[in-house]
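Geometric and topological summary
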Amino acid sequence: MSLSSSQTALFADTVLSAYRSGRQIAPLSTTEPTFTVRDGERVAHEVARRRVAAGERIIGRKIGFTNRTIWDEYKVYSPIWGPVYDTTFRDVSGPAEAAIGHLVEPRIEPEIILGFTGPVTAAMDDRAILGAVGWVAHGFEIVQSLFPGWIFQGSDCQAAFGLHGALFCGPRTPVGGDPGRWLEALSTFAITIARNGETLDRGVAANVLDGPLSATRHLAGVLEADPQATPIGAGEIITTGTVTRAFPIAPGEEWSTTVEGIDVQPMRLALV
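1. Re the overall build of the protein
Scanning the protein for helices and strands turns up 8 helices and 14 strands. Relative to the compact-globule value of 19 Å for 272 residues, the protein shows a C-alpha radius of gyration of 18 Å, a close match. The principal-axis extent of the C-alpha atoms belonging to the protein is close to 50 × 45 × 35 Å. The buried share of the protein, reckoned over its 272 residues, is 56%. Sequence separation of at least 24 residues holds for 77% of the intrachain contacts in the protein that already meet a minimum separation of 6. Here the protein displays about 10900 Å² of accessible surface, and carbon together with sulfur accounts for 54% of that area. Separation between the mean location of the 22 positive side-chain charges and that of the 30 negative ones in the protein comes to 2 Å.

Here you go:
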């Protein structure tokens, strides 16, 4: 049985209040034991409507839990998604700073970001999806958990912005030339992440549902099955999920990456 409109509104109130006050709440699934991912989508759409009404603009989407190597760690076994807003997105070139004091239990994720010049459907293969990509970049998504200790169900994550906190996008590399070169790069790249110069993890493209293009196709299918969602379209920015494990972060740290096998710039981010 799905949530009523009044329950959906109440959960949206709860999530937005926690976000705006920088506090944590019990997972919604503990309040409503039958709370499903579809319920989470309904709450998420109501939250998004309210954020847009308050002046924020949705510029794209994030896909979460595409990295199957971390599913057991979080006990979440399928991807989620959430909006990326003009207030949470920042283009950066070279070393940058990020204020994180407003986020709760933040973690950092190195990701590949795609900028689209055309629509994407679930029926498209990787080559067709690549044809709708105008640029590729590497960036850091900072995620947060409104739920203490990062203990939740996938439905909770879906309702709470897909855990999205901020997205720092590095320089954009235009997609052009030989499509085969890009298809290979987007399925074979590797990213290594370090904190204060100490290497912590190395991840590969296949971690992300077999690659960013495949992850995008998965999202397209999820959106097509959601009557309230809009399809992926021209002008949209999509960040496709963490390539490595996600790591807790704190002010005073500097996080950096090295990238292998794809023509994007590495990242360096100082936290304040």
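2. Observations regarding the environment of Val 204
With respect to the secondary-structure elements, Val 204 resides in strand 10 (residues 198-204). Judged by relative accessible area, which is 31%, Val 204 ranks as partly exposed. Linking Val 204 and Phe 189, residues 15 residues apart in sequence, is a C-alpha distance of 5.8 Å. In this view, Val 204 contacts Phe 189, Ala 190 and Val 243; residues no more than four positions away in its chain are not counted.

3. Focus on the pattern of salt bridges
A complete count under the given rule lists 15 salt bridges for this structure. Residue Asp 13 is joined to Arg 50 by a salt bridge in which the shortest nitrogen-to-oxygen separation is 2.1 Å. Taken together, the residues span a long stretch of sequence, with Asp 13 in helix 1 (residues 5-21) and Arg 50 in helix 3 (residues 37-53) at a distance of 37 residues. Between Arg 217 and Asp 126 there is a salt bridge, and its shortest N-O distance comes to 2.7 Å. Here Asp 126 lies in helix 5 (residues 126-131) and Arg 217 lies in helix 8 (residues 212-224), a separation of 91 residues in the sequence.

4. Brief notes about the sheet that holds strand 14 (residues 268-271)
Across the sheet, 5 strands lie side by side as 4-14-13-9-10; this open sheet has mixed pairing. The outermost strands of the open sheet, each flanked by one partner alone, are strand 4 (96-98) and strand 10. Pairs of neighbouring strands in the sheet enclose a mean axial angle of 25°, with direction left out of account. By the bridge criterion, 3 bridges tie strand 4 to strand 14 in an arrangement that is parallel. Note that in strand 14 the partner of Ala 98 across the bridge is Leu 271.

5. Focus: the pairing of strand 1 (residues 58-64)
Within strand 1, 6 of the 7 residues are buried, leaving the element largely enclosed by the surrounding structure. As paired elements, strand 1 and strand 2 (residues 80-85) share 6 bridges and run antiparallel to each other. Residue pairing across strands places Arg 61 opposite Pro 83, the latter belonging to strand 2. The pairing of strand 1 with strand 11 (residues 237-242) spans 3 bridges and is parallel. By the bridge assignment, Arg 61 is partnered in strand 11 with Ile 238.

6. Notes on the pairing of strand 9 (residues 190-195)
By the criterion of burial, strand 9 is predominantly enclosed, with 5 of the 6 residues buried. Note that strand 9 and strand 10 share 6 bridges and pair antiparallel. Following the sheet pairing, Ile 191 is matched in strand 10 by Gly 203. Bridge analysis of strand 9 against strand 13 (residues 254-260) gives 6 bridges, and the strand direction is antiparallel. Directly across from Ile 193, in strand 13, lies its bridge partner Thr 257.

7. Here we look at helix 8
Over its 13 residues, helix 8 runs 18 Å from end to end, which matches the ideal 18 Å to within 8%, given 1.5 Å per residue. Inspection of helix 8 places Pro 212, Leu 213, Ser 214, Ala 215, Thr 216, Leu 219, Ala 220 and Leu 223 among the buried residues, and these make up the whole buried set.

Calculation rules
Residues numbered from 1 in each chain as written. Predicted model: local features only at pLDDT ≥ 70, side-chain atom pairs only at ≥ 80, totals over all residues. Heavy atoms only, no water. Helix = DSSP H or I, 4+ residues; strand = E, 2+ residues; numbered from the N terminus. Rg over C-alpha atoms; globule rule 2.2 N^0.38 Å. Buried < 20%, exposed > 50% of the residue type's maximum accessible area, 1.4 Å probe, protein only. Contact = heavy atoms within 4.5 Å. Areas by Shrake-Rupley, 256 points an atom, 1.4 Å probe, with all protein chains shown as cover. Lys, Arg positive; Asp, Glu negative; His and termini not counted. Charge placed at Lys NZ, Arg CZ, Asp CG, Glu CD. Salt bridge = Lys/Arg side-chain N within 4 Å of Asp/Glu carboxyl O. Pairing = 2+ DSSP bridges. Axes fitted to C-alpha atoms, helices over the stretch in contact; angles between N-to-C directions. Expected span 1.5 Å × (residues − 1).

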